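Here is what each chain is made of, one letter per residue.
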Amino acid sequence: MAATRGQYVTAALLRAVIPRQRSRILEASAELQARREASSSGPEAGEGQIRLTDSCVQRLLEITEGSEFLRLQVEGGGCSGFQYKFSLDTVINPDDRVFEQGGARVVVDSDSLAFVKGAQVDFSRELIRSSFQVLNNPQAQQGCSCGSSFSIKL
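Residues numbered from 1 in each chain as written. Predicted model: local features only at pLDDT ≥ 70, side-chain atom pairs only at ≥ 80, totals over all residues. Heavy atoms only, no water.

### Digging into the environment of Glu 68
- Assignment of secondary structure puts Glu 68 in the loop between α2 (54-63) and β2 (69-76).
- Classification of Glu 68 as partly exposed rests on a relative accessible area of 24%.
- A C-alpha to C-alpha distance of 9.3 Å links Glu 68 and Ala 104, two positions 36 residues apart in sequence. (Helix = DSSP H or I, 4+ residues; strand = E, 2+ residues; numbered from the N terminus. Buried < 20%, exposed > 50% of the residue type's maximum accessible area, 1.4 Å probe, protein only.)

### What about the nonpolar core?
- By size, the foremost hydrophobic cluster in this structure holds 22 residues, and its most contacted members are Ile 50, Leu 72, Tyr 84, Val 108 and Val 116.
- Once you skip the residues sitting within four places of it in the chain, Leu 72 turns out to touch Tyr 84, Lys 85, Phe 86, Val 106, Val 107, Val 108, Asp 109, Ser 112, Val 116, Val 121 and Val 134. (Core = buried A, V, L, I, M, F, W, Y, C linked by side-chain atoms within 4.5 Å. Contact = heavy atoms within 4.5 Å.)

### Side note on the sheet that holds strand β6 (residues 120-125)
- In space, the three strands of this open sheet follow the order β1-β6-β7, with mixed pairing throughout. Each of the sheet's edge strands pairs with one partner strand only, and the pair in question is β1 (51-52) and β7 (130-135).
- Judged from the six bridges that link them, β6 and β7 form a sheet pairing that is antiparallel. Paired with Val 121 across the two strands is Val 134, which belongs to β7.
- With respect to the sheet, α2 is in contact with β1, β6 and β7, its orientation differing from that of β6 by roughly 70°. (Pairing = 2+ DSSP bridges. Axes fitted to C-alpha atoms, helices over the stretch in contact; angles between N-to-C directions.)

### Some words on α2
- Buried residues of α2: Cys 56, Val 57 and Leu 60, and no others. Burial along α2 is one-sided: seen end-on, the buried residues are contained in an arc of 95°.
- As for α2, its buried residues are in contact with β1, β2, β4 (96-101), β5 (104-109), β6 and β7. (Arc of directions from axis to C-beta.)

### Concerning the confidence of the model for the chain
- The share of residues in the chain with pLDDT of 70 or more is 65%, and the mean pLDDT across the chain is 77.
- In the model of the chain, helix α1 (residues 2-40) stands out as the element of lowest mean pLDDT, 45, in contrast to β5, which has the highest, 98. (pLDDT = per-residue confidence, 0-100.)

### Digging into unusual backbone geometry
- Phi at Asn 136 takes a positive value of approximately 50°, unusual for a residue other than glycine.
- Positionally, Asn 136 belongs in the loop between β7 and β8 (140-143).
- Judged by relative accessible area, which is 56%, Asn 136 ranks as exposed.

### A short note on the pairing of β5
- Taking burial as the measure, the six residues of β5 include five buried ones, the bulk of the element.
- Here β2 runs beside β5; their pairing, made up of three bridges, is parallel. Counterpart to Leu 72 in the pairing with β5 is Val 108.
- The antiparallel hairpin formed by β4 and β5 contains two residues in its connecting segment, where Gly 102 sits at a positive phi of about 60°.

### Things to note about the pattern of salt bridges
- Scanning all chains against the criterion turns up five salt bridges.
- Residue Arg 125 pairs with Glu 62 through a salt bridge whose shortest N-O separation is 3.7 Å. Of this pair, Arg 125 sits in strand β6 while Glu 62 sits in helix α2, placing them 63 residues apart in sequence.
- Exposure remark for Glu 62: the relative accessible area of 43% places this residue in the partly exposed category.
- Bridged by salt links that share partners, the residues Arg 59, Glu 62 and Arg 125 form one connected network. (Salt bridge = Lys/Arg side-chain N within 4 Å of Asp/Glu carboxyl O.)

Okay, here's the thing in structure tokens:
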């Protein structure tokens, strides 16, 4: 009889606890989804998205203060025709797209975005230099060995 009563109490407790845990999981899932949607910061989040690596996010959190963010621009020049330019900035222009991940922000103007959409921004530490780099750029046909110059796919 005691074992039956114990099983009954256990089953009743599980019925009371499981819905609370389920609601917590659903709340956490909804919060995670909201963060993902907020980090896309634009209607065309898929292909036009710029992704940040963990090392990029970590370095940006170390070096930026207040409203500072990393600006990524594409300029003509370099040994392959176009080059990436990184700078810290505080002004967001009307034609800028903001990509935020983990509290770190990268801003790209609309003209430059056409050359880097779908790419990944990384921070690389090597013996001779440390720098932000664009990786896996689907718009680039080839790049130079320094990683800052590229040619576009035609």
